[in-house]
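Breakdown of the fold
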Amino acid sequence: MKFKHLFFAAALFSIAPLFCACNDDDNEIEVPRDPEEDPSSQPDTTPEATSPTEATGLYVINAGNLSNNVNGTLSFINFEKGTASNNVFFDINKRSLGGTPQDAIVYGSKMYIAIYGSNIIEIVDKNTAKSIKQIVPTSTQGEGPRDIIAANGKVYVSMYDGYVSRIDTLSLTIDATLKVGPNPEEMTVANGYLYVANSDGMNYGADYANGKSVSKIGLKTFTEAKRIPVGLNPTKICSTTEGNVYVLAMGNYNDISAKVQKIDNMNIVTDVTEATLMTVKDNTLYLINAPYGATENTYFSIDTKTGNETKNLIDQPVDSPCGIAVNPFTGNIYISSYNMVGGWPSYTTDGYVNEYSANGKFTNKYNVGVGPCGLTFLLK
Amino acid sequence: MKETDIFYRLKLSYFLLYSIILLLPNITQGQEIGDTIIGKVHKITDVIVTAERTKQQVKSISPFQQLNKKQLQQQGITDIADALRRFSGVNIKDYGGAGGMKTISVRSLGAKHTAVVYDGVTLSDCQSGQIDLSRFSIDNIQQISLTIGDNEDIFVPARTVASAAALKLQSISPDFSNKKNHLTGQIKTGSFGMINPLIRYEQKFNEKISASTTGEFMRADNLYPFTLVNGDYVSKEKRYNNNIQTYRGELNLYISPNNRSTLNGKIYYYDTDQQLPGAVILYNAKSREKLRERNFFSQVHYRTYWENNLSLLINGKFNWSQSHYHDEGGKYPGGELNDRYFQREYYTSGALLYTPTSHWSMVYAADYIYNNLNANTPNNTSPYRHSILQTVTLRYQTDNITAVAILLGSIYLNGAKEGNGAENRRKLSPSFSFSWKPCTDGQLYLRASYKDIFRVATFSENYFDRMGSRDLRPEKAQQYNVGITYQNNFTSWLPAISLTLDGYYNKVKDKIVAMPYNMFIWNMVNLGKVEIWGVDANINTTFQLAKHYSLLLTGNYTYQYAVDKTDPEVVYYKHQIAYTPRHSAGASLALENPFINASLHATGVSKRYIASENRPSNEMDGYIEYGLSLYRSFKIKKFTYNLRGDIINLGNKQYDIVKSYPMPGRSYKLTCSIHF
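Residues numbered from 1 in each chain as written. Chains lettered and ligands numbered in written order. Predicted model: local features only at pLDDT ≥ 70, side-chain atom pairs only at ≥ 80, totals over all residues.

**Observations regarding the overall build of chain A**
Tallying secondary structure elements over chain A gives 2 helices and 31 strands in all. The buried share among the 380 residues of chain A stands at 54%. Long-range contacts, defined as pairs at least 24 residues apart, comprise 47% of the intrachain contacts of chain A with a sequence gap of at least 6. (Helix = DSSP H or I, 4+ residues; strand = E, 2+ residues; numbered from the N terminus. Buried ≥ 20, exposed ≤ 12 C-beta atoms within 10 Å, placed from the backbone. Contact = placed C-beta atoms within 7 Å.)

**Regarding the overall build of chain B**
Helix and strand counts for chain B stand at 7 helices and 37 strands. In terms of overall dimensions, chain B is globule-like: its C-alpha atoms have a radius of gyration of 24 Å, near the 26 Å expected for 676 residues. By its C-alpha atoms, chain B is 70 × 55 × 50 Å across when sized along the principal axes. Taking all 676 residues of chain B together, 46% fall into the buried category. (Rg over C-alpha atoms; globule rule 2.2 N^0.38 Å.)

**Focus: the UniProt feature "domain: TonB-dependent receptor plug" (unreviewed entry) in chain B**
Sequence positions flagged by UniProt for "domain: TonB-dependent receptor plug" (unreviewed entry) are, in local numbering, residues 61-147 of chain B. Structurally, residues 61-147 of chain B comprises 13% helix and 33% strand, and the distance from its first C-alpha atom to its last is 10 Å. (UniProt positions renumbered as here; feature names shortened; annotations may be inferred.)

**As for the sheet that holds strand S12 (residues 173-179) of chain A**
All names here are of chain A. Taken together, the 4 strands give an open sheet; going across it, the order is S9-S10-S11-S12, and neighbouring strands pair in antiparallel fashion. Every other strand in the sheet has two partners, leaving strand S9 (145-151) and S12 as the edge strands with one partner each. The sheet shows a mean angle of 25 degrees between the axes of neighbouring strands, taken without regard to direction. (Pairing = 2+ DSSP bridges. Axes fitted to C-alpha atoms, helices over the stretch in contact; angles between N-to-C directions.)

**A closer look at the interface of chain A and chain B**
With 47 residues of chain A in contact, the opposing surface of chain B contributes 42 residues. Every element with two or more residues in the side of chain A that touches chain B is listed here: helix H1 (2-15) and strand S28 (344-345) of chain A. It is H1 of chain A that contributes the most residues to the side of chain A that touches chain B, 3 residues altogether. Residue classes in the side of chain A that touches chain B are distributed as 21 nonpolar, 22 polar and 4 charged. (Nonpolar A, V, L, I, M, F, W, Y, C, P; charged D, E, K, R; others polar.)

**Quick notes on the sheet that holds strand S14 (residues 193-198) of chain A**
All names here are of chain A. Taken together, the 4 strands give an open sheet; going across it, the order is S13-S14-S15-S16, and neighbouring strands pair in antiparallel fashion. The two strands at the open ends of the sheet, each matched to only one other strand, are strand S13 (184-190) and strand S16 (224-229). Put simply, the sheet's adjacent strands are angled 20 degrees from each other on average, direction ignored. Alignment of S13 against S14, held across 5 bridges, turns out to be antiparallel. Residue pairing across strands places Thr188 opposite Tyr195, the latter belonging to S14.

**Considerations on the environment of Thr122 of chain B**
All names here are of chain B. Considering the arrangement of structural elements, one finds Thr122 in strand S5 (residues 121-122). As for Thr122 and Lys168, which are separated by 46 residues in sequence, their C-alpha atoms are 8.5 Å apart. Not counting the four nearest positions on each side in its chain, Thr122 is found in contact with Ala115, Val117, Arg159 and Thr160.

**Focus: unusual backbone geometry**
All names here are of chain A. The phi dihedral of Asn183 is positive, around 50 degrees, even though this residue is not glycine. The topology assignment puts Asn183 in the loop between S12 and S13. Classification of Asn183 as buried rests on a count of 28 C-beta atoms within 10 Å. A positive phi angle, near 65 degrees, is found at Asn233, a position not held by glycine. Residue position: Asn233 is located in the loop between S16 and strand S17 (234-239).

**Describing the pairing of strand S9 (residues 194-204) of chain B**
All names here are of chain B. The pairing of strand S8 (residues 181-190) with S9 spans 10 bridges and is antiparallel. What sits directly across from Ile187, in S9, is Pro197. If you look at the hairpin formed by S8 and S9, you'll find 3 residues sitting between the two strands, and Phe192 has a positive phi there, around 60 degrees. Bridge count between S9 and strand S10 (residues 209-220): 8 bridges; the pairing is antiparallel. Its bridge partner being in S10, Ile195 is matched across the sheet by Arg219.

**Section: the environment of Ser109 of chain A**
Residue position: Ser109 of chain A is located in the loop between strand S5 (101-107) and strand S6 (110-115). For Ser109 of chain A, a count of 17 C-beta atoms within 10 Å translates into the label partly exposed.

**A word on the nonpolar core**
Counting 107 residues, the largest nonpolar core has Tyr112 and Val247 of chain A as its most contacted members. Residues contacting Val247 of chain A, with those up to four places away along its chain left out, are Ala197, Val214, Val230, Pro234, Ile237, Gln261 and Ile263 of chain A. Ile80, Ala164, Ala165 and Ile172 of chain B belong to the second largest nonpolar core, which has 51 residues in total. (Core = buried A, V, L, I, M, F, W, Y, C linked by C-beta atoms within 7 Å.)

**Topic: the pairing of S6 of chain A**
Moving residue by residue along a regular strand, the side chains alternate between the two faces of the sheet. Residues and elements named next belong to chain A. Taken across its 6 residues, S6 has 6 buried, putting it largely inside the fold. Because side chains alternate across S6, one face comprises the buried residues Lys110, Tyr112 and Ala114, and the other comprises Met111, Ile113 and Ile115, equally buried. Bridge count between S5 and S6: 6 bridges; the pairing is antiparallel. Paired with Tyr107 across the two strands is Lys110, which belongs to S6. Taking the residues that link successive antiparallel strands as the turn, the S5-S6 hairpin has 2 residues, and the phi of Gly108 there is positive, at about 65 degrees. The pairing of S6 with strand S7 (residues 120-125) spans 6 bridges and is antiparallel. When the bridges of S7 are listed, Tyr112 appears paired with Ile123. Where S6 folds back on S7, the antiparallel hairpin that results is connected by 4 residues, among which Asn119 adopts a positive phi of roughly 55 degrees.

**Considerations on the environment of Phe329 of chain A**
Residue and element names in this part refer to chain A. Secondary-structure assignment places Phe329 in the loop between strand S25 (320-326) and strand S26 (333-338). On the basis of neighbour counts, which here come to 15 C-beta atoms within 10 Å, the residue Phe329 falls in the partly exposed class. Spatially, the C-alpha atom of Phe329 lies 6.1 Å from that of Glu54, the residues being 275 residues apart in sequence. In contact with Phe329, other than residues within four places in its own chain, are Glu54 and Ala55.

**Comments concerning the confidence of the model for chain B**
Residue and element names in this part refer to chain B. Overall, the prediction assigns chain B a mean pLDDT of 88, with 92% of residues at 70 or greater. Ranking the elements of chain B by mean pLDDT puts helix H3 (residues 37-40) last, at 34, and strand S19 (residues 383-397) first, at 97. Ignoring residues within four places in sequence, the model shows residues 1-52, a span with pLDDT below 50, making 79 contacts including any to other chains. For this predicted complex, the interface score ipTM comes out at 0.86, while the overall pTM is 0.87. (pLDDT = per-residue confidence, 0-100.)

If you want it as C-alpha cells, here you go:
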C-alpha cells in the first residue's frame, strides 16, 4: 500500500506543473499545447476575417448541469458525413470544457466559447477544437460570459454582471469593457451598432425593473449611444440583413408571456408575435413558441419584408426545444431538444438535435450532450 | 455472564445506572418498558446493564443499531457523520470539512424520510425537511441510535413513528454517584486551524433536582488542500472560502418530583457563521457565499406512572431558527444577495401507556405541531402548517414472541398568510413488526416488519420562490424487512459475539423532485418511483486476550440495489439511483489495554453515480478511508484526565462523497479533557 501511495504522489508531482489552474491574478492563461503541431496558435494576420461561403458543420454547446456537477461538453455535427461526435473538446484537449458553457461563435480560423460557470472564454481552432487560449476576465472585465458574437475583427462577450467585453482577435485579449444594463443576454450587430438585451433576469423579485431595455452601442466608439425600452425580460436578439433588430422578451413566466418585438433603425419598437425561441436567416425569422406550462409548441417563420407567416415550419416537432439555428447558406433548420422523463425535460441526460431541410422536412436526428442549447455553425 | 463485565468495568456501571434514572425517557427506548422499569431499576446490576445494551440490537423486532459513548471512543469515531458510517443501511451525504453539511439517508429512501430526535424530541426543519448533522458535537453525545421502522419501544410520541427511520441522539447526562458537582473542561485542536474548547458543569442541588450546562466554541479555517483531476491534468488546489465558527450552549434541568416521575427541561442555542466554498467549478475558484444560522429551542419532557398500570408521557417544545444566506457579485441587483428565513415551531405531545397484563401493552399518543416560515425572498407567502398526529399501538410480548402493531393517523392543514396554502393531507399509515425466538434457551431471533409511511412536502417544495408547487402529493415509502439476529457468549477468550442480518425491500412512490423549464424556472413535481432491495449486516465481537487485554471487532456491511422505476422510456430506467453505492462497509478493531488504547478503522463504498444515468461520465470511484485513534485516561488525585489523538483519512485518500465537494485528506485531532 505504501508503494501505491508513493507512486501516486510521484505521478502527481510530475503532472502537476504541466497544468496551471486558474489564478485570479493572471489575466490570461496559456493552456498547454504544442505550437509546432498547432498552426492555429499563430495569431490571425488580418483582424477582418474573410467572408465565409459555406457551413460544413454545426457545433453544439452542451451546457451540462452545474447543480448536478455535470460539466459542459462540445459536440460536432458533420454535415457531409451526417454524423455527430460528442466530447470533441475533451478528446483533443484532454480536459473538460468547464461549467455551463452557453454560447460560441466561429470567426476567422477560431471558435470563441463563452463559459458562464467557469467564468472563462475558451478560444479553440475552429476545425480541430484544439485549445489556443483560455481568457480569464479580470475583476474589471466583467464576470460570467453569457453570449458571444463577432464583428469587424472583434469578438464581443456579454458578461452577466452587467458588462460587455471586447476581445481583440489579433492579441486574443480583452481590450475594452463597457457597462450595460443588468444581466445582459444575447447581442446582435446591425447598422454599425451592437445591440445588447438587458434582461435584469436576477431581479425577478422586483419585476425585472432595471432591465426592459436594449443597449445600442456604437461599434467604432464602443460607447452606449442609446438605451431602447423594450418588453419584460429581453433575452434573445437578432437582426435581419435589412438592418431591423428583433428582440425576444421572455416575460415573467406567469401573466406576461414571451413576445418578439422589432426595433427599426429609428429605434421605434413594435410588437411582432409571441415566441420563446428565435433565430434569423437573411430577412426571415424562425420562431418557436414553447411557453412555460404549455402542452403543445408551435414552430413558424415570418418573412419580415412581406410579413408573411409560414405555419407548421417543420413536419416533426421535438420534445422540449431549447435551441434553434438555420444554416445561412442552405436554409436547413436545426432544433435542439432535451429528452423527456415522465413528461418533463431531463436536465441530467443527453439531448439531441433534429435536422430539417429548408422546407421543414425532417432529415436526421443527432444525439448530443446534456443541455444542448448553444448552436453555432462551422463556417468556411 | 459474570466474566463479560471485565472490559466494561471502570465506573461505567454506576454511570449507566444513573443515566437510566436521570434520563429515563431516552434510555428506556428499546428496553423493557411498559412493565414499570422504575420499580426494577435499582435491582439492575452492572452486568445486566452491559448485557442489555448489546442485547438490544439483537432482540429488537426491527433493525436497531446504537453506539454509546464508550463505543464511540473504542471505534475511533470523530464526528456524528463518522458514527453513522458504522451503521449498516445508511448513506451519508457529506459536503466536506467541519462546516460541510452532513445528512443521513436510510436504505435509499432519502434524507427527508429520517427523523432526527434529540433527547426524546424530534428536530424539525419545515423548510428543507432535513437536518444537518454537522451542527451536533460528538463530545456532547451519550448515545446514538438508529431505528429503521418501528421497534418494541412503543411508549413514544406519535411524531417519532411518523418517519421511515429515526436517528436518536442523546446528550450526556450527569453522574452524581460519587460527587454532587462536576466540572469538565476539554480542548480539541486539529488540522486546518480547528480549535474547539468545551466546558460542562453539573450540579446536584438535592435528591430531586439537578442541572447541567455545557458551552462550546469551535472555529476552523478549513483551508484544506485537495487534488483536482481534470482529464489528463492534475493540480493541487485549496478549499478557499471555507472558514467556520460556531457557538453552542445547552442548559438541562433534571427533576424527580417523586420516584415515579421525571421532569426534564432543556434550553439549547446554536449560532454558526460560515463561508461556503460551493462546488469546485473548473477554472473558477471564486466563491463568496456565506451562511449564518441560529437555532434556539427549549423543551420539556415529563413522565410518570401510576399503580393502575397507566403511564403518562408529555413532551413540549418551542423552536426558533434563522438562516441568512449571503452571496456577492455584479449579477445580483445591488451587487449582493441576502436571503433570510425564519422558522418557528410549537410542539406538544401526550402519550398514555396501559399495561393490563404482562403480555399486553397499549399506547395512545397524540401530537400537535405548528410550523411557520417567514422570508425576505421574492414571492414569499409566509406559509404555516398545523399537523395533528395520532397513534394507536398494541404490543404483545411473551418470552419468545414480540409483536407490535401501530396505526398512525396524520392530518396536515396548510395555509399561507399572503396567498394560497398548499393542499391539506390526511392519511392512515399502518406498521407491523414481529419477532420470534425459536429456541427458549438460545439467543437466536427471527424478525419481520412492514411499514407504510409517507412524508408531506417541505415548505421549500410547496412554496419556494417560483418553483414550489402547492398541490404536491405526499412522497410514499413502503418498507418490508426480514432479519435474523444472534448473540452468544462462548468461552472466556470470546466472551461476546453478536450478529444481525436483515434483508429488505423498499418502494418509494411519488418522489418529489425539481424539474426545469429553463435555468430560471423549475417546478417541483411528484415524479419518480424507486425500488430498493438491500441487505444489512452487523457483527460485534470481543476477544479477551488476557486479563486487561481485549480486542474488539465490529463490522457492518450494506448492499443496496436501488433503481429508478420512473419511466420505462427513459435511458436511466432501472439504473442505480444517484449517490447510492451498491456496497458500503465499515470495520473497526480496538485494542484495549492498561497502557494506551488503540483503534484502527476503515469505511468504504463502491462506485457511485452523480446523476440518474449510470454512464461512465457520471461515475464516481469508490474509496476506502482509514483512521487511527489512540486514547488513554488516567486519574491523578481527584482529577480524571482523558487524552486522545486521531488521525483521520490515514491513507490521505482524495475522495468526494458529493461530486465536486472534495473531502479533506489526512488530518489530525488532539483532544485533552479534565474531569473532576
